[in-house]
Amino acid sequence: MNSSLPEKEKLLSMLTEIYDQLEELEIVLETSFSDLRIQMNHEEIIKLTAPVQKLHKLEKELDRINPTSDEATEQTSSIARALKLEMGF
(Lines give C-alpha, C1' and ligand atoms only; values in the text may rest on other atoms or scores of the structure.)
Protein backbone atom coordinates (compact mmCIF):
# COMPACT_ATOMS: atom_id res chain seq x y z
CA MET A 1 0.00 0.00 0.00
CA ASN A 2 2.86 2.33 0.75
CA SER A 3 4.35 1.91 -2.72
CA SER A 4 0.99 2.65 -4.30
CA LEU A 5 0.67 6.04 -2.56
CA PRO A 6 3.78 7.63 -4.14
CA GLU A 7 2.69 6.34 -7.54
CA LYS A 8 -0.72 7.94 -7.08
CA GLU A 9 0.92 11.20 -6.05
CA LYS A 10 3.24 11.01 -9.04
CA LEU A 11 0.28 10.33 -11.34
CA LEU A 12 -1.68 13.17 -9.76
CA SER A 13 1.28 15.48 -10.25
CA MET A 14 1.54 14.49 -13.90
CA LEU A 15 -2.17 15.03 -14.44
CA THR A 16 -1.95 18.44 -12.77
CA GLU A 17 0.94 19.37 -15.06
CA ILE A 18 -1.05 18.24 -18.11
CA TYR A 19 -4.01 20.30 -16.94
CA ASP A 20 -1.82 23.39 -16.53
CA GLN A 21 -0.37 22.89 -20.01
CA LEU A 22 -3.86 22.56 -21.45
CA GLU A 23 -4.92 25.80 -19.78
CA GLU A 24 -1.90 27.58 -21.29
CA LEU A 25 -2.71 26.09 -24.69
CA GLU A 26 -6.30 27.27 -24.40
CA ILE A 27 -5.14 30.84 -23.73
CA VAL A 28 -2.73 30.75 -26.69
CA LEU A 29 -5.37 29.30 -29.01
CA GLU A 30 -7.98 31.81 -27.90
CA THR A 31 -5.59 34.68 -28.60
CA SER A 32 -4.58 33.22 -31.93
CA PHE A 33 -8.16 32.65 -33.05
CA SER A 34 -9.15 36.09 -31.85
CA ASP A 35 -6.39 37.68 -33.94
CA LEU A 36 -7.36 35.52 -36.90
CA ARG A 37 -11.01 36.49 -36.54
CA ILE A 38 -10.09 40.20 -36.46
CA GLN A 39 -7.89 39.77 -39.54
CA MET A 40 -10.62 37.91 -41.42
CA ASN A 41 -13.20 40.57 -40.53
CA HIS A 42 -10.84 43.25 -41.79
CA GLU A 43 -10.31 41.38 -45.06
CA GLU A 44 -14.06 40.94 -45.53
CA ILE A 45 -14.64 44.65 -44.94
CA ILE A 46 -12.03 45.45 -47.59
CA LYS A 47 -13.63 42.96 -49.99
CA LEU A 48 -17.03 44.56 -49.45
CA THR A 49 -15.96 48.20 -49.61
CA ALA A 50 -14.02 47.85 -52.86
CA PRO A 51 -17.13 46.98 -54.95
CA VAL A 52 -19.13 49.69 -53.17
CA GLN A 53 -16.52 52.27 -54.13
CA LYS A 54 -16.47 50.99 -57.71
CA LEU A 55 -20.27 51.21 -57.87
CA HIS A 56 -20.15 54.75 -56.50
CA LYS A 57 -17.63 55.76 -59.18
CA LEU A 58 -19.78 54.14 -61.88
CA GLU A 59 -22.88 55.93 -60.61
CA LYS A 60 -21.05 59.26 -60.71
CA GLU A 61 -19.89 58.54 -64.25
CA LEU A 62 -23.42 57.55 -65.28
CA ASP A 63 -24.78 60.75 -63.75
CA ARG A 64 -22.18 62.69 -65.70
CA ILE A 65 -23.03 60.89 -68.94
CA ASN A 66 -26.79 60.74 -68.43
CA PRO A 67 -28.35 63.95 -67.13
CA THR A 68 -30.47 63.87 -63.99
CA SER A 69 -34.21 63.45 -64.25
CA ASP A 70 -34.91 67.23 -64.17
CA GLU A 71 -32.48 67.87 -66.98
CA ALA A 72 -33.79 64.84 -68.85
CA THR A 73 -37.39 66.08 -68.67
CA GLU A 74 -36.31 69.50 -69.93
CA GLN A 75 -34.48 67.89 -72.84
CA THR A 76 -37.40 65.57 -73.54
CA SER A 77 -39.87 68.45 -73.57
CA SER A 78 -37.64 70.50 -75.89
CA ILE A 79 -37.34 67.48 -78.19
CA ALA A 80 -41.12 67.03 -78.06
CA ARG A 81 -41.62 70.72 -78.95
CA ALA A 82 -39.18 70.37 -81.82
CA LEU A 83 -41.04 67.31 -83.04
CA LYS A 84 -44.37 69.15 -82.85
CA LEU A 85 -42.92 71.95 -84.91
CA GLU A 86 -41.57 69.53 -87.43
CA MET A 87 -44.87 67.70 -87.62
CA GLY A 88 -46.66 70.99 -88.03
CA PHE A 89 -44.85 71.75 -91.23
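Residues numbered from 1 in each chain as written. Predicted model: local features only at pLDDT ≥ 70, side-chain atom pairs only at ≥ 80, totals over all residues. Heavy atoms only, no water.

**Student:** Sorry, what's going on with the overall build of the protein chain here?
**Tutor:** Across its full length, the protein chain holds two helices and zero strands. For the protein chain, the accessible surface area stands at approximately 8900 Å², while carbon and sulfur atoms represent 62% of it. (Helix = DSSP H or I, 4+ residues; strand = E, 2+ residues; numbered from the N terminus. Areas by Shrake-Rupley, 256 points an atom, 1.4 Å probe, with all protein chains shown as cover.)

**Student:** I tried to follow a negative patch on the surface on my own but got confused; where do I start?
**Tutor:** Judged by side-chain charge, Glu17, Asp20, Glu23, Glu24, Glu26 and Glu30 come together as a negatively charged surface patch. Within the secondary structure, Glu17 is located in helix H1 (residues 4-65). A relative accessible area of 48% places Glu17 in the partly exposed class. (Patch = residues over 30% accessible without salt bridge, like charges linked within 9 Å, V, L, I, M, F, W, Y side chains within 5 Å. Salt bridge = Lys/Arg side-chain N within 4 Å of Asp/Glu carboxyl O. Lys, Arg positive; Asp, Glu negative; His and termini not counted. Charge placed at Lys NZ, Arg CZ, Asp CG, Glu CD. Buried < 20%, exposed > 50% of the residue type's maximum accessible area, 1.4 Å probe, protein only.)

**Student:** Help me understand a nonpolar patch on the surface in this model?
**Tutor:** Taken together, the side chains of Leu11, Leu15, Ile18, Leu22, Leu25, Leu29, Phe33, Leu36 and Met40 present a nonpolar region at the surface, about 850 Å² in accessible area. Summarising the element assignment, Met40 is placed in helix H1. Since its relative accessible area comes to 47%, Met40 is described here as partly exposed.

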